[in-house]
Amino acid sequence: MAAWLASVAMADWRCRRISNRRILVGGAIAAVALVVGMRPAGILPSDAVGAGALAFCLLMPSYLLRAMGAADVKLGAVLGLWFGLEPLPYLWIAASLLAGIHGLAYLAVRRAAKAPAGDDARSAKRKIPFGAYMAVAALGTLAMGQ
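Here the structure is a predicted model, which means the values were calculated and not measured.

Caption draft 1: Summary view of the packing of helix α3 (residues 45-64) against helix α4 (residues 70-83). Where α3 meets α4, the axes come as close as 7 Å, and the angle between the chain directions of the two elements is 160°. Considering the angle they form, α3 stands roughly antiparallel to α4. In this structure, the crossing between α3 and α4 has a hand that is right-handed. Listed contacts from α4 to A48, V49, A51, G52, A55, F56, L59, M60 and Y63 of α3 are A70, D72, V73, K74, G76, A77, G80 and L81. Class assignment of the residues belonging to the contact of α3 with α4 gives a composition of twelve nonpolar, three polar and two charged.

Caption draft 2: Structural view of unusual backbone geometry. The backbone of R16 sits at a positive phi, close to 55°, despite the residue not being glycine. Tracing the chain through its elements places R16 in the loop between α1 (2-15) and α2 (20-35). Positive phi, close to 60°, is recorded for R66, a residue that is not glycine. Within the secondary structure, R66 sits in the loop between α3 and α4.

Caption draft 3: Local environment of the packing of aromatic side chains. Evaluated as defined, the whole model comprises one aromatic pair. Ring centres of W13 and Y133 lie 6.0 Å apart, and the angle between their planes is 75°; this geometry places the pair in the edge-to-face category. Here Y133 lies in helix α7 (residues 130-143) and W13 lies in helix α1, a separation of 120 residues in the sequence. Given a relative accessible area of 11%, Y133 falls into the buried group.

Caption draft 4: Quick look at the nonpolar core. Grouped together as the largest cluster of nonpolar side chains are 35 residues, with contacts concentrated most on W4, L5, L75, L79, L91 and M134. Sorting the residues of this core by element identifies α1, α2, α3, α4, α5 (88-112) and α7 as the ones contributing at least two each. The leading source of residues in this core is α4, at eight residues.

Caption draft 5: How the structure looks around α2. Look at α2: 22 Å from first C-alpha to last across 16 residues, which is about the 22 Å you get at 1.5 Å a residue. For α2, the full list of buried residues reads I23, G26, G27, A30, A33 and L34. Along the long axis of α2, the arc covered by the buried residues comes to 125°, so they all point the same way. Within α2, the exposed residues directed more than 90 degrees away from the buried face are R21, L24, V32 and V35. Once α2 finishes, G37 follows within two positions and takes phi at roughly 85°, a positive value.

Caption draft 6: Local environment of α3. Taking 1.5 Å of rise per residue, the 20 residues of α3 would be expected to cover 28 Å, and the 29 Å separating its terminal C-alpha atoms lies within 8% of that figure. Taken as a whole, α3 has its buried residues at A48, A51, G52, A55 and L59. Each element contacted by the buried residues of α3 is listed here: α2, α4 and α5. Looking at the residues trailing α3, positive phi occurs at R66, about 60°.

Analysis parameters
Residues numbered from 1 in each chain as written. Predicted model: local features only at pLDDT ≥ 70, side-chain atom pairs only at ≥ 80, totals over all residues. Heavy atoms only, no water. Axes fitted to C-alpha atoms, helices over the stretch in contact; angles between N-to-C directions. Helix = DSSP H or I, 4+ residues; strand = E, 2+ residues; numbered from the N terminus. Parallel < 35°, antiparallel > 145°, perpendicular 65-115°, else oblique. Left-handed = near helix turned anticlockwise from the far one by under 90°. Contact = heavy atoms within 4.5 Å. Nonpolar A, V, L, I, M, F, W, Y, C, P; charged D, E, K, R; others polar. Phe/Tyr/Trp six-rings, centres within 6.5 Å; stacked < 30°, edge-to-face > 60°. Buried < 20%, exposed > 50% of the residue type's maximum accessible area, 1.4 Å probe, protein only. Core = buried A, V, L, I, M, F, W, Y, C linked by side-chain atoms within 4.5 Å. Expected span 1.5 Å × (residues − 1). Arc of directions from axis to C-beta.

Rendered as structure tokens:
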């Protein structure tokens, strides 16, 4: 799972895109672990599926408002499947803080470079790889033994 999370972070940082294939691999890793009794994060399979579904539903409005990419929503569902419900708010808060720092740094660099005003808000949103920051927060959670 750690290797997969690292690959998600690198893909999102590099291309600002997480492929559906990559998301499916993460979901498959979590599902297989649940089925064979490895119980990621010590949760029951029913709790994992519920957390994944709830994460998907909670993040979907952000996608519909174009504040988040579809892959970020699907990644949230996979993280719910892996970690369960309890750590998800902390993962999202940590990812949001990291993304906020990224956004502030982007604005500072853009202002220092006196970038042209033609850069629209939609393209600026795509410059922040929220999925990468969710993956980094999840790696931190794994490292802390969750």
